Amino acid sequence: MDPVISVRDLWKVFGPNASQVVASDELKSLSRQELMDRTGAVAAVRGVDFDVAPGEMFVVMGLSGSGKSTLVRCLTRLVEPTAGTIMFEGENILEADAKRLRDLRRNKFSMVFQHFGLLPHRTVADNVGYGLEIRGVPRAKRGERSQEVIDLVGLTGNEKSYPDQLSGGMQQRVGLARALAGDPDVLFFDEPFSALDPLIRRDMQSEVIRLHREVGKTMVFITHDLSEALKLGDRILIMRDGQVVQVGTGDELVGAPADDYVRDFVKDVPRSNVLTLKWIMRPPRPDDELDGPELGPETVVREAVRSVLSADKPVKVVQDGELLGVVADEEILGVVAGEA
Amino acid sequence: MVAVPAPRQVPLFFDRYKRLVIVGGIVLAWLVLWLVFRNFGTLPLDASELTPLHRWVNSVNDAIGASRNSNPVFLYFFNEIRLVIDEFVTFIQALIAQPSFGRPVPMIGWLGVVGIAGFVSLAVAGWRVALLAIAGFVFLGLQGLWQESMDTLSLTLAAVVISLLIGIPLGIWAGLSDRANRVLTPVLDFMQTMPTFVYLAPLTLFFLIGPASATIATLIYAAPPAIRITAHAIRSVPRTTVEASESLGATRQQTLVKVLLPSSRKTIVLGINQTIMAALSMVTIAALIDAPGLGKTVVKALQTLDVGTAFNAGLAIVVLAIVLDRVTTAATERRSLPRWALFSGLGVTGVSVYFSYTYLWAAEFPTDVEIGSSIRQGATAVTEWVQDSLPVITGGFKDFVTFALINPLQALLAESPWFLVALVIVALSFMIGGLKSAVVSAVCLGLLVATGLWQDSMITLASTLVATIMVMVLGVVVGVWMGRSRRADRAIRPILDAAQVMPAFVYLVPFLALFAASRFTAIIAAVVFAAPVAIKIIADGVRAVSPATVEASTALGSSSWQTIVKVQLPMARGALTLAANQGLIYVLSMVVVGGLVGAGALGYDVVAGFSQGQLYGKGLAAGVAIVVLGVMLDRLTQAAAKRWTN
Amino acid sequence: MARHNVLGTVSAGLVALVVLAGCGGAKVGDTSSGAAGDCGTFNLAINPWVGYEANAAVLAYVAEKELKCKVTKKELKEEVAWQGFGTGEVDAVVENWGHDDLRKKYIDEQKTAVSAGSTGVKGQIGWYVPPWLAKEHPDILDWNNLNKYADQFKTSESGDKGQLLDGDPSFVTNDEALVKNLNLNYKVVYGGSETALIQAFRQAEKDKKWVIGYFYSPQWLLNEIKLAKVKLPEYKAGCDADAEKVACDYPDYDLDKIVSKKFADANGPAFQLVKNFKWTNEDQNTVAKYIAEDKMKPEDAAKKWAEANADKVKAWLAKA
Ligand SMILES: Nc1ncnc2c1ncn2[C@@H]1O[C@H](COP(=O)(O)OP(=O)(O)O)[C@@H](O)[C@H]1O
Ligand SMILES: [Mg+2]
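Every value quoted in this text rests on a predicted model; they were computed, and no experiment measured them.

**A few points about the environment of B:Gln303**
Logical step 1: Structurally, the position occupied by B:Gln303 is in helix H13 (residues 294-303).
Logical step 2: For the pair B:Gln303 and B:Thr358, spaced 55 residues apart in sequence, the C-alpha separation works out to 39 Å.
Logical step 3: In contact with B:Gln303, other than residues within four places in its own chain, are C:Pro48, C:Trp49, C:Val50, C:Glu194 and C:Trp220.

Now the structure itself:
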């Protein structure tokens, strides 16, 4: 399947002489700090490549200041990229003129912000309907659609409230509803839950998972929280100082970190929750009795613990009838003990 | 808790206090050089002396005046503007103030105006404020000043409406574009600090004597706050909100109309409030070019030192100001009035307007009930008592402050060679704000020399600094008190409002008796005008310190004094620097008034330039010098604020 | 609760209003103002001092009452008033203190104004001291003795010299040159306004304080406090030609009337009245006292004086 979004060699440099920086291979090769010292420019995004598949939940993760917000804003050109290409459904959106860009924003993608960005002088219903309003959708139609998404995000009954009368979690639901109202193909989230309390954050994460399942939209989700990334992401992109360090599924990151940076990052992750059997299995040894129970390679370790420990023979990891390897007590205990 | 080895302590101390040491060094060097060079190169200019520049300005002014009746720019451009504004003001006056349309009374009499004032206040500000508005307007009538008040109100409304028509679009522009902001800021500084006296006479040349000139004089001073605050409001809309709108595909226009403007409404209304207050503070000055209304009453009464009458009229201005202030302030809150209240309010208003149109009793304010004469007598009695019993004490106080503070500072500034003072100021600017500040100060000082009024500028600068110090002392003492006690705040705030809009000359008469014609009197006048702003800013700043922090401090066993000094004031330092900055600007705007009561120097130069044709050029130069001083001090305090708050 | 109160108030108000209306009362618009005569509109500048106001009030009263003019008073400072001659907004200034600069600019150069003769009032400018001082130290009235008393006049503003309080910036002053050229140990301190001067003299007289300052007559304050004039070296024509070298007293001023050229050329009844208007210092002082001390409205003061001096008024009109 063709990717919805395909980003190649994307650069964003803030400050004076940005275009000169990206034109010079020498300057491009400098680290962020060196570049800052030499030219006073900040390279927020440096040569980023990735693809997002249709219907995928793609998470971008990195520490604060690593360039995530800039990256996601480049995708919708809220921030004008300095160099590179961004193909959206086969169209290079860097070449879109102002009108085309507006059309894209109105119909194809929308965004949810960390600090909500609600209009304080409008009610919940009017905030949700804002995107439709600027497209010129008639009032009655707008009301109908707003109500639908308000119900969808669980805000029913709060239509007439003003944002400052709602809790943070509720406000972000409004932000979510506003983004959904236009029925976009892709949703961008820039750390939408960072400002919320942990309990509410968990609720909202489940909500997004539910929505993702129900409406099946492509989502690009920014976070600085690894557990959030692992919980939501089909695939995760790890950013550091504006560059991509690694892209992969959660178990790939934990199982095969690309470098020490990632390794350090994933060190405290409860591995049994993330790793699947394929990461811990070993080739069968001659002395293994190969008539134990069978499990698939994508089975998460934690779910396999009971079967492996209760079996007196190693568990076979089998895919399509082919034996990939075996997992015995010691492998399981190696993962579980490592967490303690 | 290991003792630090002694040798390391010295550089540490020096590092920490390096700036202080350098500043101290500069000042010390200045003192020494002052002793050596005293009264050398001070660039003095006698009161009647002129420089070639001043003469040149005179000749330009004369040439413009002479060509007035033949110049097409006058005949078409200015004339058209004048006609439109005259029409507008006259129309409002015809509605509420002046006999019109062949009637012996205005279209809407007092009852109708009171009704409308009450209804508008009810609709935008709630019923409490509506009651205040009604009471306030009736009070104006009881003072025996109905018509004068309505004239003043007409002119103020006209000036405010035009200010907003110009100011809000300009403010939006400056809010959206950094370049526009950079261009507009100095222009606005100029409009706000250039003394009105300087442009009053030329205005009547351009727009003739009448409502147009008075309105334009008022709006030159009143429009800048609307522009600045609108720009500020637009700039302070959270970035995310704008981004959210853009991300949904809004056009610039849509974002402006649906996001930026509605989000800044509250702040813009505050700008309108400031514009109204500024317009009201121009009432007396505009009276000097025949602006109708309360200002005339004040000016007239003061010709015979009739403080009672002047106070009564000044009080009417204060009442108008307080009503308009409370209505606009309350208008920033979201409220929805029940429909029935709106409709019945509308009904009552309609009926009262109709009555006031038809019946004499509702048209002209009845003269049989009035309190104006008691107010006049009371004010006169108080003034007389003050003048009779206090001068012994106040005279001594004046002498003390003059000899201990004003004279030394003035000697240092005005009796040093100009290049020495300039060097010191540039060096201090560099210490405060780096190269940029130093350059700004150098340019400003150069301009001061060019005006030919260096020594007068230094004398004015000395008084300005003393006044600002007093403003800050008052600001901190009263501001902290108000910030800590709601009750004090409620009691003091109306007094501050009154001090800000009461025409200065009303209280200057007794001040002259207390302190004689002197620089000190001028300083006190400036303090009365400027302290309220500083106090309010500091009070709000202290109140804004998070209660949690104050609680924490109390929990650690701090005394009130420790909490104030170690927690509240340091945390309110943003407010403190803002107060100092605004205090300075307000003090400078009183320089001319100071010139009327013995300050001499720039203030007197401006006043004399307004009064005598051959001194016009010099007055203009003095006006420019005041503006330049203002810009320099403003930029310096801002730089200092930045350094301090970071 | 609150609702009911508001509702109650509102309906009570409505009822009250209707009742009041039922009682009726005089209606607006039954009478209309009298039509103006052939005099038309007379734009009279009002400069900001009481003596001027006295002249203007009497002129306005006569013009309105006898000539049926529509008089528009415009309260303006001198410079602005003269400027108004050119723009056609001011017809007459009815007490002018010299103002050679304005004469030169508007009469000689721009030719928008002309003189309309003397008002009959004589103006004097000079240095004055409060009566108590003149009485206790009579020799102070001679400038030669001023240095003897310089110490007494010291203030916080004048440093180690005596203070000579100058005042209203509207008037030309030679005081700095005078002090220098007469070798006086004084410093000119600019009070900056007439108010400052009046307060200083009032207080000086009341508390027996030492004040010497620039003042002028006629001025309403002189009715209240008889300030004494200090004799300076006598004025001789031309002795004040060079402003830097002035060492003589101020000249006596023959206060006159200035009118716009257009107004004079049209030669209407109002112009005739202005031209013929002439009275004395005493007359002016009387009206000024009504206004300043008795706090009468200028119109009433003028009426009172005109009724008592019908013959003078008639003389102004007779020649018309
Ligand atoms: N408008 C801007 N101008 C200059 N520098 C910026 C701007 N926006 C972001 N940056 C810089 O770019 C870097 C990345 O910022 P950001 O994308 O906000 O990171 P993140 O969202 O990962 O915290 C930071 O160093 C930040 O200071
Ligand atoms: Mg971010």
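**Some details on the interface of chain A and chain B**
By convention, interface size is frequently given as the accessible area that disappears when the constituent parts associate.
Logical step 1: Across the boundary between the two partners, chain A contributes 25 residues, which contact 18 residues of chain B.
Logical step 2: If you look at where chain A meets chain B, you find two salt bridges.
Logical step 3: For A:Arg73, the salt bridge goes to B:Glu243, with nearest N and O atoms at 2.5 Å.
Logical step 4: If you look at where chain A meets chain B, you find eight residue pairs in polar contact (both at pLDDT 80 or more).
Logical step 5: Secondary structure elements with two or more residues in the side of chain A that touches chain B: helix H5 (98-107), strand E6 (109-112) and helix H7 (130-135) of chain A.
Logical step 6: Residue classes in the side of chain A that touches chain B are distributed as eleven nonpolar, six polar and eight charged.

**Some points on the packing of helix H3 (residues 78-87) of chain C against helix H4 (residues 100-109) of chain C**
Each pair of packed helices gets described by two things: the angle between the helix axes and the distance between those axes.
Residue and element names in this part refer to chain C.
Logical step 1: The interhelical angle for the contact between H3 and H4, taken along N-to-C directions, is 10°, at an axis separation of 10 Å. Relative to H4, the element H3 is oriented roughly parallel. Two secondary-structure elements touch here, H3 through Glu78, Glu79, Trp82 and Gln83 and H4 through Leu102, Arg103, Lys105, Tyr106 and Ile107.
Logical step 2: Here the residues of the contact of H3 with H4 sort into four nonpolar, one polar and four charged.

**Focus: the UniProt feature "domain: ABC-type glycine betaine transport system substrate-binding" (unreviewed entry) in chain C**
Logical step 1: Within this numbering scheme, the UniProt entry marks residues 43-307 of chain C as carrying the feature "domain: ABC-type glycine betaine transport system substrate-binding" (unreviewed entry).
Logical step 2: Span residues 43-307 of chain C is 40% helix and 22% strand, its end C-alpha atoms 24 Å apart.

**Regarding the state of the cysteines**
Residues and elements named next belong to chain C.
Logical step 1: Within this structure, the stated rule accounts for one disulfide over all chains.
Logical step 2: A sulfur-sulfur separation of 1.9 Å characterises the disulfide bridge that pairs cysteine 239 with cysteine 248. Judged by the sign of its S-S torsion, about 85°, the cystine formed by cysteine 239 and cysteine 248 is right-handed.
Logical step 3: Cysteine 239 gets classed as partly exposed once you look at its relative accessible area, which sits at 24%.
Logical step 4: Of the residues examined, cysteine 248 reaches a relative accessible area of 5% and is grouped as buried.

**Remarks on the packing of aromatic side chains**
Residues and elements named next belong to chain C.
Logical step 1: Overall, the coordinates contain 40 aromatic pairs over all chains when judged by the stated rule.
Logical step 2: Residues tyrosine 149 and tryptophan 210 carry aromatic rings whose centres are separated by 5.5 Å and whose planes lie at 35° to one another, so their mutual orientation is tilted. Placement of the pair is tyrosine 149 in helix H6 (residues 146-149) and tryptophan 210 in the loop between helix H8 (194-207) and strand E7 (212-217), with a sequence separation of 61 residues.
Logical step 3: Overall, the relative accessible area of 19% leaves tryptophan 210 in the buried class.
Logical step 4: Plain terms: the ring middles of tyrosine 214 and tyrosine 216 are 6.2 Å apart, the flat faces sit at 80° to each other, and that makes the pair edge-to-face.
Logical step 5: What makes tyrosine 214 buried here is its relative accessible area of 1%.
Logical step 6: Ring-pair connections join several aromatic residues into one group, and the members of that group are Trp97, Tyr128, Phe201, Tyr214, Phe215, Tyr216, Tyr250 and Tyr253.

**A look at the interface of chain B and chain C**
Logical step 1: At the junction of the two partners, chain B supplies 71 residues and chain C supplies 63 residues.
Logical step 2: Between chain B and chain C lies a buried interface of about 5600 Å² when both sides are counted; carbon and sulfur atoms form 59% of it.
Logical step 3: Where chain B touches chain C, the interface holds five salt bridges.
Logical step 4: Note that C:Glu53 is salt-bridged to B:Lys300, the shortest N-O span being 2.9 Å.
Logical step 5: Looking at the side of chain B that touches chain C element by element, the count peaks at seven residues for helix H15 (residues 339-358) of chain B.

**So, the domain arrangement of chain C**
Residues and elements named next belong to chain C.
Logical step 1: Domain boundaries in chain C define domain 1 (41-122 + 253-318) and domain 2 (124-252).
Logical step 2: Put simply, the middle of domain 1 and the middle of domain 2, counted by C-alpha atoms, are 29 Å apart.
Logical step 3: Buried area between domain 1 and domain 2, both sides added, is near 1300 Å², and the carbon and sulfur share of it is 60%.
Logical step 4: Ranking the residues of domain 1 by area buried against domain 2 places Trp97, Tyr253 and Glu293 at the top, with a combined share of 47%.
Logical step 5: Where domain 1 touches domain 2, the interface holds zero salt bridges.
Logical step 6: Counting across the domain 1 and domain 2 interface gives zero residue pairs in polar contact (both at pLDDT 80 or more).
Logical step 7: Taken together, the elements giving at least two residues each to the side of domain 1 that touches domain 2 come down to strand E4 (113-129), strand E9 (253-260) and helix H12 (281-292).
Logical step 8: Top element by residues in the side of domain 1 that touches domain 2 is H12. It accounts for six residues.
Logical step 9: In terms of residue class, the side of domain 1 that touches domain 2 is built from eight nonpolar, four polar and six charged.

**Brief notes about the site of ligand 1**
Residue and element names in this part refer to chain A.
Logical step 1: Taken together, Phe14, Arg32, Val42, Ala44, Leu63, Ser64, Gly65, Ser66, Gly67, Lys68, Ser69 and Thr70 are the residues near ligand 1.
Logical step 2: Serine 69 has a polar side-chain atom sitting 2.7 Å from an oxygen atom of ligand 1.
Logical step 3: Residue threonine 70 places a side-chain N or O atom 2.5 Å away from an oxygen atom belonging to ligand 1.
Logical step 4: Relative to its unbound accessible surface of 550 Å², ligand 1 loses 58% to contact with the protein.
Logical step 5: The set of elements that each furnish at least two residues to the shell around ligand 1 consists of strand E2 (42-52) and helix H4 (68-75).
Logical step 6: Tallying contributions element by element places H4 first for the shell around ligand 1, with three residues.
Logical step 7: Of the residues assigned to the shell around ligand 1, the class counts are four nonpolar, six polar and two charged.

**Regarding the domain arrangement of chain A**
Residue and element names in this part refer to chain A.
Logical step 1: Taken as a whole, chain A is organised into domain 1 (51-84 + 93-108 + 184-269) and domain 2 (272-339).
Logical step 2: Just the C-alpha atoms count here: the centres of domain 1 and domain 2 sit 32 Å apart.
Logical step 3: Between domain 1 and domain 2, a total of about 500 Å² is buried, with carbon and sulfur atoms accounting for 75% of that surface.
Logical step 4: Viewed at the interface, domain 2 and domain 1 are joined by one salt bridge.
Logical step 5: At the surface where domain 1 touches domain 2, the tally comes to two residue pairs in polar contact (both at pLDDT 80 or more).
Logical step 6: With five residues, helix H12 (residues 250-255) is the single largest residue contributor to the side of domain 1 that touches domain 2.
Logical step 7: When the residues that make up the side of domain 1 that touches domain 2 are grouped by side-chain class, the tally is four nonpolar, two polar and two charged.

**Points about the sheet that holds strand E1 (residues 5-14) of chain A**
The strands making up a sheet are joined through hydrogen bonds of the backbone, oriented either antiparallel or parallel.
All names here are of chain A.
Logical step 1: Read across the open sheet, the four strands follow the order E2-E1-E4-E5; overall the sheet is antiparallel. Each having just a single partner strand, E2 and strand E5 (91-92) make up the two edges of the open sheet.
Logical step 2: Pairing geometry for strand E4 (residues 83-88) and E5, over two bridges, is antiparallel. Paired with phenylalanine 88 across the two strands is glutamate 91, which belongs to E5.

**A short note on a nonpolar patch on the surface**
All names here are of chain B.
Logical step 1: On the surface, a nonpolar cluster with roughly 820 Å² of combined accessible area is contributed by Val32, Leu33, Leu35, Val36, Phe37, Phe40, Leu43, Trp418 and Phe419.
Logical step 2: Looking at the nonpolar patch, the elements with two or more residues in it are helix H2 (18-37) and helix H19 (418-451).
Logical step 3: By residue number, the principal contributor to the nonpolar patch is H2, which donates five residues.
Logical step 4: With respect to the helices and strands, the residue leucine 33 is situated in helix H2.

**Let's talk about the packing of helix H14 (residues 307-330) of chain B against helix H21 (residues 486-501) of chain B**
Residue and element names in this part refer to chain B.
Logical step 1: Two numbers describe how H14 lies on H21: the axes approach to 9 Å, and their chain directions differ by 120°. With respect to each other, H14 and H21 are oriented oblique. Seen along the crossing, H14 lies across H21 with a hand that is right-handed. Seen from H14, the contacting residues are Ile317, Val318, Ala321, Ile322, Asp325 and Arg326; seen from H21, they are Pro494, Asp497, Ala498 and Val501.
Logical step 2: The residue inventory of the contact of H14 with H21, partitioned by class, reads seven nonpolar, no polar and three charged.

Reading guide: rules and limits
- Residues numbered from 1 in each chain as written.
- Chains lettered and ligands numbered in written order.
- Predicted model: local features only at pLDDT ≥ 70, side-chain atom pairs only at ≥ 80, totals over all residues.
- Heavy atoms only, no water.
- Helix = DSSP H or I, 4+ residues; strand = E, 2+ residues; numbered from the N terminus.
- Contact = heavy atoms within 4.5 Å.
- Salt bridge = Lys/Arg side-chain N within 4 Å of Asp/Glu carboxyl O.
- Polar contact = N/O pair within 3.5 Å; in protein donor to acceptor, adjacent residues only side chain to side chain.
- Nonpolar A, V, L, I, M, F, W, Y, C, P; charged D, E, K, R; others polar.
- Axes fitted to C-alpha atoms, helices over the stretch in contact; angles between N-to-C directions.
- Parallel < 35°, antiparallel > 145°, perpendicular 65-115°, else oblique.
- UniProt positions renumbered as here; feature names shortened; annotations may be inferred.
- Disulfide = S-S within 2.5 Å.
- Buried < 20%, exposed > 50% of the residue type's maximum accessible area, 1.4 Å probe, protein only.
- Phe/Tyr/Trp six-rings, centres within 6.5 Å; stacked < 30°, edge-to-face > 60°.
- Buried area = accessible area lost by both parts, 1.4 Å probe.
- Domains from an automatic or database assignment.
- Near = heavy atom within 4 Å.
- Areas by Shrake-Rupley, 256 points an atom, 1.4 Å probe, with all protein chains shown as cover.
- Pairing = 2+ DSSP bridges.
- Patch = residues over 30% accessible without salt bridge, like charges linked within 9 Å, V, L, I, M, F, W, Y side chains within 5 Å.
- Left-handed = near helix turned anticlockwise from the far one by under 90°.

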